[in-house]
Amino acid sequence: MPKINRLPAAVSSLIAAGEVIERPASLLKELLENSLDAGARQITVEVLGAGKKSLRITDDGSGMDAEDCAACVERHATSKISALSDLDKLQTFGFRGEALYAVAAVSRMTVQSAMKNAKSGWKVDVEAGKIISSAPAPAVVGTTIEVRDLFFNTPARLKFLKSDAFEKSALSGVLEEAALANPGVHFTYKSENRTTLHFSPEDDRRRVASVLGKDVAEGLLPIVAERPGLRLKLFVSPVERMVPSRNFQYWFINKRPIGAKILQQALYRAYQEHRANGRHPVCVAFAELSPDSFDVNVHPGKREIRFKSDREIYDLVSGLIASALAKAKPATPITPETAATASQELRDHVPAYYLGGRSFFPNENLLDLKSAPTQSFAPAPASPRWFTPPYRYIGQIERSYLVFEAAGGLFVLDQHAAAERILYEKFLAQIKDGPAKVQRLMLPLPIELPASRVQAVLSQSERLAKLGFEVAAAGRTTLHVLAAPALFSKAADLKDMVHRLLDALENPLGAARDVQHDAIATLACKAAVKAHDALSPQEALRLLEDLKDCADGSCCPHGRRAILALNREELARRFQRPGAPPL
Ligand code: ADP
Ligand code: MG
């Protein structure tokens, strides 16, 4: 008995549909692409029930005649290519002729369209892939496609969808991408009968700001480059304005939003030396490539692309960004003059013998130990292993490290990492001692974000409430923080925190604990003394003593080392003393 069945068309179409249309957002993406391919200058999208109940898109593009209105829902029906060789010249988003076919198979759909100068338009109703009615319609130039009851005949797909809040956020994310890539096009987006996004034609720089919000978009550096077969335009963060979230990176190739690891790697390579832990560059990048230098035919969603030469594009992008950053860098403190000033400053503080004296650590050193609160500590029973009193404070070096002589060795503290750890544990203890102390802000703190991000935050408001944050929508692209843990006293810290939360919330499984850890670690980092802060000997010793009481004083909350000990053996070994233990 043969085992191979030929699937009926009704079944195979549903399977094919699943590959192209996963959720309302992928439906919107296909429909937007079709409108843009048709040359639309004005596009309106109206969504009900997070796109599951209905999604309607109206454009003023080229329109279709009666015949095409019916043909467009057939498989492999496309006006964009007719032969394989056309793929290399492709200038449009679509070319497979599969999207409308796939949508029609899993919904109830109406296509209404009219071409310029046509006497009449045409309207076609389709249900589960079958045309059920076809009739003349008013001659309004352009196309309206309405998709109702998405996945009504594929309940398994329907079940696979996430919460309305998630689907809505994905929908506006798709619209934001289209808006970024097409700044000359007018977009209106209505969700549940309210206009939630609106972009009038503007130049690309303004459009970036309209979509990302002023906070994120301010000060972005424009980079423009042209090579044979390639035009690039990027907007990237200057090094001092990175954001605490990796959410604001957009890549477009020929206006198509794409995810290409290689480009992201090139971006991070350019920022490598400038990037502090947890800081990320903002990047909106538009590349115009000749269609034969990459292959979009890789994934049905067309999100992944392959370059013909990965290495070339990587080098180009990271090189361009790196040199733009170098040019835009604020005057660096390590120029020859400033270095001279710094060492002058140091000399002012350091007795001459310190630089040329007999002993490296003379007894009569920089500080008056008698005025220090404690010169040595009695070892507490619960002290950590590294804590080997008595200690003598020797001084600060590099304006960042505190040097002590410990029992039998040398001991160096990173003052920022140590302070961070101490505050982190203090804040943690405060929160553990009961519910987070919440303060209502006198005035709501506005935070500008892309609408999709605003929705993402709002959809997690319960989780946030547990952490002491109360947030509310204030317009499409603004979030208001109404209350926050009492630990936050500065608006800038709070803003920073919300950005970091965005990243943590991206991961639906991210435990509240992780978010909390991140919140507290950020706060501790902000509040802690920084490298380059001058510390008094008393403060230095206090830091050491407080670090001793930490549950884990060996590193800062981000995992960076806080203390370094060179014990007697290590020193002996370094100086190749006879009898020293070998390396
Ligand atoms: P593709 O975009 O790959 O060609 P689609 O299934 O998305 O396939 O669309 C099929 C065809 O329907 C398109 O090639 C185009 O000719 C026509 N079409 C779809 N949407 C529109 C629109 N908004 N305006 C004009 N023509 C459209
Ligand atoms: Mg298409």
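In this text the structure is predicted, and so the values were computed from the model without any measurement. (Residues numbered from 1 in each chain as written. Chains lettered and ligands numbered in written order. Predicted model: local features only at pLDDT ≥ 70, side-chain atom pairs only at ≥ 80, totals over all residues. Heavy atoms only, no water.)

**Describing the site of ligand 1**
The condition that has to hold: The criterion for a residue being near a molecule or strand is simple. One of its heavy atoms has to lie within 4 Å of it. Any pair of N or O atoms that falls within 3.5 Å is considered a polar contact. Within protein, one atom must be able to donate a hydrogen and the other to accept it, and sequence-neighbouring residues count only if both atoms are side-chain atoms. Only the protein chains shown count as covering a residue, and every accessible area follows the Shrake-Rupley method with a 1.4 Å probe. In this text, helices come from DSSP runs of H or I with a minimum length of four residues, and strands from runs of E with a minimum of two, each type numbered from the N-terminal end.
Around ligand 1, the structure places 18 residues, and the nearest of them are Asn34, Thr78, Ser79, Lys80 and Gly97. One of the side-chain nitrogen or oxygen atoms of Asp59 is found 2.9 Å away from a nitrogen atom of ligand 1. With respect to ligand 1, the backbone of Ala99 contributes an N or O atom lying 3.2 Å from an oxygen atom. Summarising the interface, the protein chains cover 93% of the accessible area of ligand 1, which totals 530 Å² for the free molecule. When residues of the shell around ligand 1 are traced back to their parent elements, those giving at least two are α2 (24–37) and α4 (99–105).

**A word on the sheet that holds strand β3 (residues 108–114)**
We count it as follows: In this scheme, strands are said to pair when DSSP sees at least two bridges between them. The convention used is that axes are lines fitted to C-alpha atoms, helices contributing only their stretch in contact, and that angles between N-to-C directions extend from 0 to 180 degrees.
The strand order β5-β4-β3-β6-β2-β1-β7-β8 describes an open sheet built from 8 strands, whose pairing is mixed. The open sheet has two edge strands, β5 (130–137) and β8 (194–199), and neither has a second partner. Adjacent strand axes in the sheet meet at a mean angle of 10 degrees, parallel and antiparallel pairs treated alike. As judged from the 6 bridges shared by β3 and strand β4 (residues 121–127), these two strands associate in the antiparallel manner.

**Remarks on the confidence of the model for the chain**
Any region with low pLDDT has predicted coordinates that should not be read closely. Condition: Looking at any residue, its pLDDT shows the predictor's confidence there, from 0 to 100. By definition in these notes, contact holds between two residues if any of their heavy atoms fall within 4.5 Å.
Of the residues in the chain, 79% have a pLDDT of 70 or more, and the chain-wide mean is 79. This stretch, residues 331–381, has a pLDDT under 50; its non-local contacts, to residues over four places away or in other chains, come to 50 contacts.

**Here we look at the pattern of salt bridges**
Keep this limit in mind: Any carboxyl oxygen of Asp or Glu that lies within 4 Å of a side-chain nitrogen of Lys or Arg is treated as forming a salt bridge with it. Note on classification: 1.4 Å probe, protein chains only; a residue is buried when its accessible area is under 20% of the maximum for its type, exposed when over 50%, partly exposed between these limits.
Within this structure, the stated rule accounts for 19 salt bridges. In this structure, Arg108 and Glu127 form a salt bridge, with 3.6 Å as the shortest nitrogen-oxygen distance. One end of the pair, Arg108, is in strand β3; the other, Glu127, is in strand β4, and 19 residues separate them in sequence. Take Glu127: its relative accessible area is 30%, and that puts it in the partly exposed class. Between Asp203 and Arg206 there is a salt bridge, with the nearest N and O atoms lying 3.5 Å from each other. Overall, Asp203 belongs to the partly exposed group, its relative accessible area being 38%. On the accessibility criterion, Arg206 (55% relative accessible area) is exposed. The structure contains a network of salt bridges with shared partners spanning Glu46, Arg56, Glu146 and Arg148.

**A word on unusual backbone geometry**
Unlike most non-glycine residues, Phe151 shows phi in positive territory, near 65 degrees. Position of Phe151 among the secondary structure elements: in the loop between β6 (142–148) and α5 (155–160). Here Phe151 falls in the buried class, since its relative accessible area comes to 1%. Non-glycine residue Glu398 carries a positive phi angle of around 55 degrees. Within the secondary structure, Glu398 sits in the loop between β16 (392–397) and β17 (401–406). With relative accessibility at 62%, the residue Glu398 sits in the exposed group.

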